[in-house]
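Examining the three-dimensional arrangement
Now for the letters of each chain:
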Amino acid sequence: MIHIYCGDGKGKTTAALGLAVRAAGRGKRVLIARFLKNEDSGEVAVLREIPGVSVMPCEKCFGFTFRMNEAEKAEASAYYQELFEKTVRIAREIGADLLILDEILGACNTGMVDKAALEAFLKKKEPAAEVVLTGRNPWENVLELADYVTDMQAVKHPYQMGIGAREGIEY
């Protein structure tokens, strides 16, 4: 089935990675690809230690898309589109039971990954595979393809009080 964890609240990646741990604990093969992020997040190293879990490396960091110039956007788009295509290929090769595309919705919404390519993959994915998409602002076509949609709503967040992201909690 296809899962979407979306919304403006905290917990989208956390929920997806909880599912990864659960699936690995039952002997399933898990592949995780992270878009619009870098390797400096607390969960990355420990996930790579879990048997059955593979995490695609983030070999380049581009920062926030709204701060990129056109050349940087073009380079980032080529990189993330290639990461998406490579991840799909590897998921099929290893017979991944669970594929997590973390922040893929944001990558698509900012033009870093082609929406049509994601939709085409979802329509042709292996029937036995679970696919998780995270990020903000899913569009109608992807919502229609999903079996689960969970909207994380921010009610209160320390960022609203001027407190930035904290190591080990937000990253």
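Refer to the structure above for everything that follows.
An account of the accompanying structure is given in this report. All figures in this text were calculated on a predicted structure; none of them were measured in a lab.

Of regular secondary structure, the protein chain possesses six helices and six strands. Its helices and strands in sequence order give the protein chain the pattern β-α-β-α-β-α-β-α-α-β-α-β, from N to C terminus. In terms of overall size, the protein chain behaves like a compact globule, its C-alpha atoms giving a radius of gyration of 16 Å where 171 residues would be expected to give roughly 16 Å. Principal axes of the C-alpha set define a box for the protein chain whose edges measure 45 × 35 × 30 Å.

Glancing now at the packing of aromatic side chains. On inspection of all chains with the given rule, the structure shows six aromatic pairs. Measuring from ring centre to ring centre gives 6.3 Å for F35 and Y80, while their planes differ by 50°; the resulting arrangement is tilted. Residue F35 is found in the loop between β2 (30-34) and α2 (42-49), and its partner Y80 is found in helix α3 (residues 70-94); the two are separated by 45 residues along the sequence. Classification of Y80 as buried rests on a relative accessible area of 3%.

What follows deals with the pattern of salt bridges. Pairs can form between side chains of opposite charge whenever their charged atoms are close. Under the defined criterion, the tally for this structure stands at seven salt bridges. D97 is the salt-bridge partner of R29, the closest N and O atoms lying 3.5 Å from each other. Here the residue R29 occupies a position in the loop between α1 (12-25) and β2, and D97 occupies one in the loop between α3 and β4 (98-102), the gap between them amounting to 68 residues. Measuring nitrogen to oxygen at the nearest pair gives 3.9 Å for the salt bridge that ties E39 to R34. Linked by salt bridges that have partners in common, R34, E39 and R48 make up one network.

Definitions and limits used
Residue positions are given per chain, counted from 1 along the sequence in the order it is written. A pLDDT threshold of at least 70 governs which residues receive local features in this predicted model, and a stricter bar of 80 or more applies before side-chain atom pairs are shown or counted, although totals over entire chains, interfaces and linings include all residues. Side-chain calculation: all heavy atoms of the structure are included, whereas hydrogens and water are not. Helical segments are the DSSP runs of H or I of at least four residues, strand segments are the runs of E of at least two, and each set is numbered from the N terminus. Taken over C-alpha atoms, the radius of gyration is set against a globule rule of 2.2 Å times the number of residues to the power 0.38. Pairs were defined over the aromatic rings of Phe, Tyr and Trp, the Trp ring being its six-membered one, requiring ring centres within 6.5 Å. Orientation was assigned from the angle between planes: stacked under 30 degrees, edge-to-face over 60, tilted for the rest. Exposure categories follow from relative accessible area, calculated using a 1.4 Å probe and restricted to protein chains: below 20% of the type maximum is buried, above 50% is exposed, and the middle band is partly exposed. In what follows, salt bridge is the name for a side-chain nitrogen of Lys or Arg lying within 4 Å of a carboxyl oxygen of Asp or Glu.

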